[in-house]
Amino acid sequence: MALIRHHIAGAESGSSERTGVVFDPATGRAQHEVALASTAETDAAIAAAAAALPSWRATSLIKRADVFFRLRQLLVDRADELAAIITSEHGKVLSDAKGEISRGIENVEFAAGLVHLLKGEHSEQVSRGVDVHSVKQPVGVVACVTPFNFPVMVPLWMTASAIACGNTVVLKPSEKDPSASLFLAKLYEEAGLPAGVLNVVQGDKVAVDALLDSPDVRAVSFVGSTPIARSIYERAAANGKRVQALGGAKNHMVVMPDADLDAAADAAVSAAYGSAGERCMAVSVLVAVGDDVADALVAKVADRVAGLTIGAGTDAASEMGPLITGEHRDKVASYVTGAAAEGATVVVDGTAQHFEGDGFFLGVSLVDHVRPGMKVYDDEIFGPVLSVVRVASYDEAVELVNTSPFANGTAVFTRDGGTARQFEFDIEVGMVGVNVPIPVPVGAFSFGGWRSSLFGDSHIYGPESIHFYTRSKVVTSRWPDPSESQISLGFPSNH
Ligand code: NAD
């Protein structure tokens, strides 16, 4: 079995004593080993990033932008190869893998506009002969820690803006699908990024802790589950670092009585079961306003899922692939088997579907009559399980969404513009869709949830990322006539 190693200062390295297993989720077989970095190996990556910083931050903006233009083209040209890597380690179907690459490319396109993005401000003559201008300077070495479910898109969310701003990076991808990050680091370098600007460290908590505790790491971008996001936020902040830690989700799709129920059912099936529900923006709760809507939607969703094709991600006929590991598959299944005992109605039981072989497959499930307080509602399941919560009114729907601890994404399905506008106004969630079930903002906007879906002040990628990855400096200057020089002990005033 090949050992997947680190990428430090432009070279592969690492013969770590500790290793993990990378599975092919479609067969259930171990396909690679991955090095799990020690503290010393992680420190070596941080040192490489620190060494590359002075020259990268001094590189002209035009030259930096050039790297992103080339990287964009390389990502387009090599998308098939990259998608194959994603599918082989994550399991998602190839079309979905290509979709994540194209969404990641948006972040590269955004970063290519860095000459514009890094402009400061200038005020002339704030006092007689005195001007003020502000500049945006890099924060330094940035640590990026990413989850398994988007092995290309999430690393691009972070690295593109961080590097564009003149920082250097240590990326710690998920140990479950580590190869895509190595591929990305090589593409960056093929695009002209100097060695050491982007380093990849494979590993687990040991590597992450080393990043969080190193005084040379100035900012931390994290995406993953809520408990880990909270702990990363607390530890990084206690160490005086700038930190954004995006957590888990439980996304509600509210369906009003006036909605086009066929379109809503199509959207719910796509958003709940796409990528086997392993998306932080997946719809996991369908909120039906009124029993008539609920009855109709449950029937329509059940009807549609009967026709879904589940199989290996490499099979063009597959619409949904396996889950990431056998352990995760079993945990997801336990929510479905436990739901009936909690008083819910299992309308479609994916755990009963049989699959040949040892792949980590699970059928899709639809659970009706779900309420807060049930585990199937309260926990982020992160699998192909859609819960239906029945409410009597719009107000009850809003109350349900606004009291969920998670607040990543939500959507309303309605034909009424007034209802949609009111929903947008009332709902306390970071990303909102109107007849759009997965409202992931395009690269020119920023992505982020509220409450337990994000710890920190900054959303990720887009304009907020430029703020996160830079420090502003304000310069007040005067070029006086030497003949006017004089001593004054008064406080500087601008009148
Ligand atoms: P995870 O929290 O288990 O792991 C995320 C990263 O943290 C990985 O790199 C992992 O190695 C590291 N890690 C795990 N345990 C750690 C520990 N104790 N200390 C330090 N580091 C640790 O998440 P996952 O299972 O890889 O990804 C799925 C989760 O990510 C879901 O909860 C999903 O909602 C969330 N997610 C959120 C967003 C978002 O934008 N809000 C996007 C994608 C995924």
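Being a predicted model, the structure only gives us computed values, none of them experimental. (Residues numbered from 1 in each chain as written. Predicted model: local features only at pLDDT ≥ 70, side-chain atom pairs only at ≥ 80, totals over all residues. Heavy atoms only, no water.)

(A) Quick look at the domain arrangement of the protein. What the domain assignment lists for the protein is domain 1 (2-247 + 453-475) and domain 2 (251-434). Measuring from the centre of the C-alpha atoms in domain 1 to the corresponding centre in domain 2 gives 31 Å. The interface of domain 1 with domain 2 comprises 20 residues on the first partner and 23 residues on the second. The contact between domain 1 and domain 2 buries some 1,800 Å² in all, and 64% of this surface belongs to carbon and sulfur atoms. Here domain 1 and domain 2 share one salt bridge between them. Between Arg279 and Asp96 there is a salt bridge, with the nearest N and O atoms lying 2.9 Å from each other. Counting the contacts that link domain 1 with domain 2 gives seven residue pairs in polar contact (both at pLDDT 80 or more). Sorting elements by how many residues they give to the side of domain 1 that touches domain 2 places helix α3 (residues 79-90) first, with three residues. Broken down by class, the residue content of the side of domain 1 that touches domain 2 amounts to seven nonpolar, eight polar and five charged. (Domains from an automatic or database assignment. Contact = heavy atoms within 4.5 Å. Buried area = accessible area lost by both parts, 1.4 Å probe. Salt bridge = Lys/Arg side-chain N within 4 Å of Asp/Glu carboxyl O. Polar contact = N/O pair within 3.5 Å; in protein donor to acceptor, adjacent residues only side chain to side chain. Helix = DSSP H or I, 4+ residues; strand = E, 2+ residues; numbered from the N terminus. Nonpolar A, V, L, I, M, F, W, Y, C, P; charged D, E, K, R; others polar.)

(B) The pattern of salt bridges, seen in detail. Tallying each qualifying case throughout the model produces 24 salt bridges. Between Asp204 and Arg18 there is a salt bridge; the shortest N-O distance is 3.0 Å. A residue pair is termed long-range when its members are at least 10 positions apart, and Asp204 in the loop between β10 (198-200) and α8 (205-213) and Arg18 in the loop between β3 (11-13) and β4 (19-24) qualify at 186 residues. Of the charged contacts in the structure, one is a salt bridge between Asp260 and Arg415, with a shortest N-O distance of 4.0 Å. With Asp260 in the loop between β13 (251-255) and α10 (261-273) and Arg415 in the loop between β19 (409-413) and α15 (417-426), this pair connects stretches of sequence that are 155 residues apart. A relative accessible area of 34% means that Asp260 is categorised as partly exposed. (Buried < 20%, exposed > 50% of the residue type's maximum accessible area, 1.4 Å probe, protein only.)

(C) Broad picture of the side chain of His7. Along the polypeptide, His7 turns up in strand β2 (residues 6-8). A relative accessible area of 2% places His7 in the buried class. Reaching out from His7, the side chain makes a polar contact with the side chain of Glu189 at a distance of 2.9 Å. Ignoring sequence-local partners within four residues, the contact set of His7 consists of Glu12, Leu182, Ala185, Lys186, Glu189, Leu198, Asn199 and Val200.

(D) How the structure looks around the packing of helix α4 (residues 94-112) against helix α6 (residues 153-164). Their axes nearest at 8 Å, the elements α4 and α6 cross at an angle of 10 degrees. Between α4 and α6, the angle is such that the two are roughly parallel. Listed contacts from α6 to Glu100, Arg103, Gly104, Ile105, Asn107, Val108, Phe110 and Ala111 of α4 are Met153, Leu156, Trp157, Ala160, Ser161 and Ala164. In terms of residue class, the contact of α4 with α6 is built from nine nonpolar, three polar and two charged. (Axes fitted to C-alpha atoms, helices over the stretch in contact; angles between N-to-C directions. Parallel < 35°, antiparallel > 145°, perpendicular 65-115°, else oblique.)

(E) Region of interest: the site of the ligand. The full set close to the ligand counts 26 residues, and Thr146, Lys172, Glu175, Ser225 and Glu380 are the nearest of them. One of the side-chain nitrogen or oxygen atoms of Glu380 is found 2.5 Å away from an oxygen atom of the ligand. Those elements that place two or more of their residues in the shell around the ligand are α8 and β11 (217-223). Residue classes in the shell around the ligand are distributed as 14 nonpolar, eight polar and four charged. Taken domain by domain, the shell around the ligand gets at least three of its residues from each of domain 1 (2-247 + 453-475) and domain 2 (251-434). (Near = heavy atom within 4 Å.)

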